[in-house]
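Inside the fold
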Amino acid sequence: MTSWAITANGLRKSYGDKTVLDGIDLAVPEGTVFSLLGPNGAGKTTAVKILSTLVSPDPASGEIRVGGHDLATDPRAARAAIGVTGQFSAVDGLITGEENMLLMADLHHLSRGEGRRVAAELLERFDLTEAAKKPASTYSGGMKRRLDIAMTLVGDPRIIFLDEPTTGLDPRSRHNMWQIIRGLVSGGVTVFLTTQYLEEADQLADQIAVLNDGRIAAQGTAEELKRRIPGGHVRLRFSDPAAYQFAAVTLPEAARDDASLTLRVPGDGSQRALRSLLGRLDAAGIEADELTVHTPDLDDVFFALTGADPRHGQSDPTSQSTLPSQSKENVR
Ligand SMILES: Nc1ncnc2c1ncn2[C@@H]1O[C@H](COP(=O)(O)OP(=O)(O)OP(=O)(O)O)[C@@H](O)[C@H]1O
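Residues numbered from 1 in each chain as written. Predicted model: local features only at pLDDT ≥ 70, side-chain atom pairs only at ≥ 80, totals over all residues.

So, about the overall build of the protein. Helix and strand counts for the protein come out as 11 helices and 15 strands. Projecting the C-alpha coordinates of the protein onto the three principal axes gives extents of approximately 80 × 50 × 40 Å. Taking all 332 residues of the protein together, 39% fall into the buried category. Contacts in the protein between residues at least 24 apart in sequence constitute 69% of all its contacts with a sequence separation of at least 6. (Helix = DSSP H or I, 4+ residues; strand = E, 2+ residues; numbered from the N terminus. Buried ≥ 20, exposed ≤ 12 C-beta atoms within 10 Å, placed from the backbone. Contact = placed C-beta atoms within 7 Å.)

Okay, helix H1 (residues 44-51) next. Burial runs high along H1: 7 of the 8 residues are buried. All of the buried residues in H1 are Lys 44, Thr 45, Thr 46, Ala 47, Val 48, Ile 50 and Leu 51. Of the residues trailing H1, Thr 53 is marked for its positive phi of about 70 degrees.

Note: strand E1 (residues 4-15) against strand E2 (residues 18-29), 9 bridges, orientation antiparallel. Its bridge partner being in E2, Ser 14 is matched across the sheet by Thr 19. Between E1 and E2, which pair antiparallel one after the other, the connecting turn spans 2 residues, and Gly 16 there sits at a positive phi close to 60 degrees. Here E1 runs beside strand E4 (residues 64-66); their pairing, made up of 3 bridges, is antiparallel. By the bridge assignment, Thr 7 is partnered in E4 with Arg 65. (Pairing = 2+ DSSP bridges.)

Moving on to the nonpolar core. Counting 70 residues, the largest nonpolar core has Leu 51, Ala 150 and Phe 192 as the members making the most contacts within it. No other element matches helix H5 (residues 141-153), which puts 6 residues into this core. Of all hydrophobic cores here, the second largest spans 12 residues; its members include Val 234, Ala 254, Leu 261 and Val 265. (Core = buried A, V, L, I, M, F, W, Y, C linked by C-beta atoms within 7 Å.)

Neighbouring residues of the ligand: Tyr 15, Val 20, Gly 38, Asn 40, Gly 41, Ala 42, Gly 43, Lys 44, Thr 45, Thr 46 and Gln 196. A class-by-class count of the residues in the shell around the ligand yields 3 nonpolar, 7 polar and 1 charged. (Near = placed C-beta within 6 Å. Nonpolar A, V, L, I, M, F, W, Y, C, P; charged D, E, K, R; others polar.)

On to the environment of Thr 190, then. Looking at the secondary structure, you find Thr 190 in strand E8 (residues 190-195). When the 27 C-beta atoms within 10 Å are taken as the criterion, Thr 190 is described as buried. In this structure, the C-alpha to C-alpha distance between Thr 190 and Val 33, residues 157 residues apart in sequence, is 6.0 Å. Excluding anything up to four places from it in sequence, Thr 190 contacts Ala 5, Val 28, Glu 30, Gly 31, Thr 32, Arg 158 and Ile 159.

Another aspect to go through is the domain arrangement of the protein. According to the domain assignment, the protein consists of domain 1 (4-91 + 139-227) and domain 2 (230-295). Computed over C-alpha atoms, the centres of domain 1 and domain 2 are 42 Å apart. (Domains from an automatic or database assignment.)

A separate point is the packing of helix H3 (residues 97-107) against helix H4 (residues 112-125). Remark: H3 packs on H4, axes separated minimally by 9 Å, with the N-to-C direction vectors making an angle of 130 degrees. Between H3 and H4, the angle is such that the two are oblique. Regarding H3 and H4, the two cross each other, and that crossing is right-handed. Contacts between H3 and H4 involve Gly 97, Glu 98, Met 101, Leu 102, Ala 105 and Asp 106 from the first element and Gly 115, Val 118, Ala 119, Leu 122 and Leu 123 from the second. Broken down by class, the residue content of the contact of H3 with H4 amounts to 7 nonpolar, 2 polar and 2 charged. (Axes fitted to C-alpha atoms, helices over the stretch in contact; angles between N-to-C directions. Parallel < 35°, antiparallel > 145°, perpendicular 65-115°, else oblique. Left-handed = near helix turned anticlockwise from the far one by under 90°.)

Turning next to the packing of H5 against helix H6 (residues 171-186). Packed helices, taken two at a time, are described by their axes: the angle between them and the distance between them. Where H5 meets H6, the closest approach of the two axes is 10 Å, and the angle between their N-to-C directions is 15 degrees. By the angle between their axes, H5 is roughly parallel relative to H6. When the axes of H5 and H6 are compared, the crossing they make is right-handed. Across the interface between the two elements, Gly 141, Gly 142, Arg 145, Arg 146 and Ile 149 from H5 touch Ser 173, Asn 176, Met 177 and Ile 180 from H6. A class-by-class count of the residues in the contact of H5 with H6 yields 3 nonpolar, 4 polar and 2 charged.

On to the pairing of strand E3 (residues 33-37). With 5 of 5 residues buried, E3 is to be regarded as a mostly interior element. Side chains Val 33, Ser 35 and Leu 37 project from E3 onto one buried face, and the interleaved Phe 34 and Leu 36 project onto a second face that is buried too. Two strands pair when backbone bridges link them, and E3 and E8 are joined in this way by 5 bridges, in the parallel orientation. Of the residues in E8, the one forming a bridge with Phe 34 is Phe 192.

Quick look at the environment of Pro 157 now. By the secondary structure assignment, Pro 157 is in the loop between H5 and strand E7 (159-163). Assessed through the 19 C-beta atoms surrounding it within 10 Å, Pro 157 is described here as partly exposed. Separated by 98 residues in sequence, Pro 157 and Pro 59 have C-alpha atoms that sit 27 Å apart. Leaving out residues up to four positions away in the same chain, Pro 157 has contacts with Ala 81, Ile 82, Gly 83 and Thr 152.

As structure tokens, this is what we get:
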């Protein structure tokens, strides 16, 4: 039986006459990464704030449970099970990294000795030991995020909300953060991750929900979402014009490119579709010089579902990752 870290039924939130969340359902199994993906202003942070008890949902919402606790009746117990790091970090720049950690230890009522031990351990784990005695204001963006997560872990939460944890980070820091998140999950923690970055959700999430206009436009694994939208195909390239012609006749559904002797056979990129195509080629004795499987990437999915083309209108000029990610081309 699945144990759920988070469940929400009909989650609603309006500000004045603006509906931000229009009845969304969420179910996040323990020990997994769930990614809420959406364009700017879609309501991701609002969802995190509600689930982490910082903001009340509208009364018309259904039951919301976090860490097994009903938010309406036992928000305190839910709060004890979670850690939250937001887009606006809790790090105090005027004091050192170590002092920030010790402050968190105090907030969690750890003894002095225990607080020091936990702080040292986490600073080490997040590669901040060397910088521990320096004011946090001198840290790079990546270091501040790492400190922020380390501070969240002082209370040993089983569920962590990471609200756009890599926004504004350079690619190296972003990859470091991904490693940290994977490490948390392998330790059994559940991660609820919001991101605008398709590649991030693709890399980390077991389940992705695409939020658009206050509703979940689609949900599934990255692969399931990619398979749902058109654009998948197999490309067959030939060097022999006669073989190309024969293949074109054998596969009438294929789009032809006579100049490059290439056929594009539409398909969903699934193993079954590929097996069927290979069977047809084998039966006809056709041997392509090159066979390439193209599955749509999350950029395609996002565009199809939200109408917002992530290739345009980047919200974060320091980031590259909403630019088109490489199509998944598997050359065999
Ligand atoms: N306290 C508030 N009062 C009024 N409107 C709000 C409030 N908080 C959020 N909103 C509005 O709700 C909408 C969703 O905001 P939210 O911050 O949840 O979006 P988001 O998906 O996290 O966006 P981003 O990626 O830009 O952080 C926005 O239109 C925002 O202006």
